Amino acid sequence: MKLICANFKMNLLEEDIINYLDVIENKIDKNNTVFFPNNLYLKHFKDKNYLIGSQDISFKEFGSITGDTSPIQLKEFGITYTLIGHSERRLYFNDSKYISKKIALALKNNLKIVLCIGETLDEFNNQETFKVLKQELDEALKDSLNNLSNLNDNLIIAYEPIWAIGTGKIPTKDIIENTISFIKNYLKDTYNLNLKVLYGGSVNLDNIYLLDSISIVDGYLIGGASLDPTTFLALISKVSTY
Ligand code: PGA
């Protein structure tokens, strides 16, 4: 079964969320769809028994870190998943240096992790994608090497080329296939991990047919196209093994 992750980012207001939940009522597979709304609206999804995740977690469990939310607080609240290392967090919050700590803490608190990795357009054009992905994976896993079996059960990778996020552009089918096999093989050969790998970046109604034909893709991380409930339902109805 494919896993669908809906990342609302910093969008929508409470009345939009209430309307969203009305529209999707009884039309969602609750076992294979995870919603990542703003933390303020997690409760609305929780009350209707949807799988929920946070868009980030703190790199510490408690303390003087104004503005952050602790993995312990999120777990207590009832989230199952967290995104870690989204490119927007890396860009605006210098997140790359905290990712390995966040992963270790997420594991400690029994949260499932969707780790985002991906190359910039320059890196893509210079054929550095594999090198960058390798570095991002090594960096992310370095504080969890004594906990690899736990990672096998709780870590999911989202391959999101940065140049594809929010741009309407996606890599070709061959490139997505090759890159996702590279990620799976690298994780298997280097860490003995067999992980699910999602694709993210401009997943929409125009390209879902092509994306769905790539069997190695284990699901999707969907931003813009998840914001409107009718579009989102139309999109997931096109995923063959959803
Ligand atoms: P997008 O965002 O679908 O709007 O490109 C995906 C993401 O950033 O997770």
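A few points on the structure. As the structure is a computational prediction, the values presented were derived from the model and not from experiment.

### Considerations on the overall build of the protein chain
So, step 1. For the protein chain, the helix and strand inventory stands at 11 helices and eight strands.
So, step 2. Expected size for 242 residues packed as a compact globule is a radius of gyration near 18 Å; at 17 Å, the protein chain falls within 12% of this value.
So, step 3. Structurally, the protein chain occupies a C-alpha span of about 45 × 45 × 30 Å along its principal axes.
So, step 4. In the protein chain, which comprises 242 residues, the proportion classed as buried is 49%.
So, step 5. When contacts within the protein chain are restricted to residue pairs at least 6 apart in sequence, long-range pairs at least 24 apart make up 71% of them.

### Description of the sheet that holds strand 3 (residues 51-54)
So, step 1. As summarised here, the arrangement of the eight strands in space is 1-2-3-4-5-6-7-8, forming a closed barrel in which the pairing is parallel. This sheet shows a mean twist of 25° between the axes of neighbouring strands, independent of strand direction.
So, step 2. Set on the sheet, helix 11 (residues 229-237) makes contact with strand 1 (3-7), strand 2 (33-36) and strand 8 (219-222); between it and strand 1 the angle comes to about 160°.

### Examining the environment of A234
So, step 1. Looking at the secondary structure, you find A234 in helix 11.
So, step 2. Overall, the relative accessible area of 25% leaves A234 in the partly exposed class.
So, step 3. Separated by 30 residues in the primary sequence, A234 and N204 place their C-alpha atoms 9.7 Å from one another.

### Notes on the packing of helix 7 (residues 129-141) against helix 9 (residues 173-191)
Helix packing geometry: the angle between the two helix axes and the distance between the axes.
So, step 1. Their axes nearest at 11 Å, the elements helix 7 and helix 9 cross at an angle of 40°. Comparing their axes, helix 9 and helix 7 come out oblique. The interaxial crossing formed by helix 7 with helix 9 has right-handed handedness. Seen from helix 7, the contacting residues are T129, F130, L133, K134, L137, D138 and L141; seen from helix 9, they are N178, T179, F182, I183, Y186, L187 and Y191.
So, step 2. Across the contact of helix 7 with helix 9, the residue classes tally to nine nonpolar, three polar and two charged.

### Here we look at the pattern of salt bridges
So, step 1. With the rule as written, the count across this model stands at 11 salt bridges.
So, step 2. We note a salt bridge from K2 to D212, for which the minimum N-O separation is 3.6 Å. One end of the pair, K2, is in the segment before strand 1; the other, D212, is in helix 10 (residues 208-212), with 210 residues separating them in the sequence.
So, step 3. Note on K2: relative accessible area 6%, which makes it buried.
So, step 4. For K43, the salt bridge identified is with D47, shortest N-O distance 2.9 Å. With a gap of four residues between them, K43 and D47 both fall in helix 2 (residues 42-47), about one helical turn apart.
So, step 5. A single network of salt bridges, built from pairs that share partners, joins D56, R89, D95 and K102.

Reading the values: rules and limits
- Residues numbered from 1 in each chain as written.
- Predicted model: local features only at pLDDT ≥ 70, side-chain atom pairs only at ≥ 80, totals over all residues.
- Heavy atoms only, no water.
- Helix = DSSP H or I, 4+ residues; strand = E, 2+ residues; numbered from the N terminus.
- Rg over C-alpha atoms; globule rule 2.2 N^0.38 Å.
- Buried < 20%, exposed > 50% of the residue type's maximum accessible area, 1.4 Å probe, protein only.
- Contact = heavy atoms within 4.5 Å.
- Pairing = 2+ DSSP bridges.
- Axes fitted to C-alpha atoms, helices over the stretch in contact; angles between N-to-C directions.
- Parallel < 35°, antiparallel > 145°, perpendicular 65-115°, else oblique.
- Left-handed = near helix turned anticlockwise from the far one by under 90°.
- Nonpolar A, V, L, I, M, F, W, Y, C, P; charged D, E, K, R; others polar.
- Salt bridge = Lys/Arg side-chain N within 4 Å of Asp/Glu carboxyl O.

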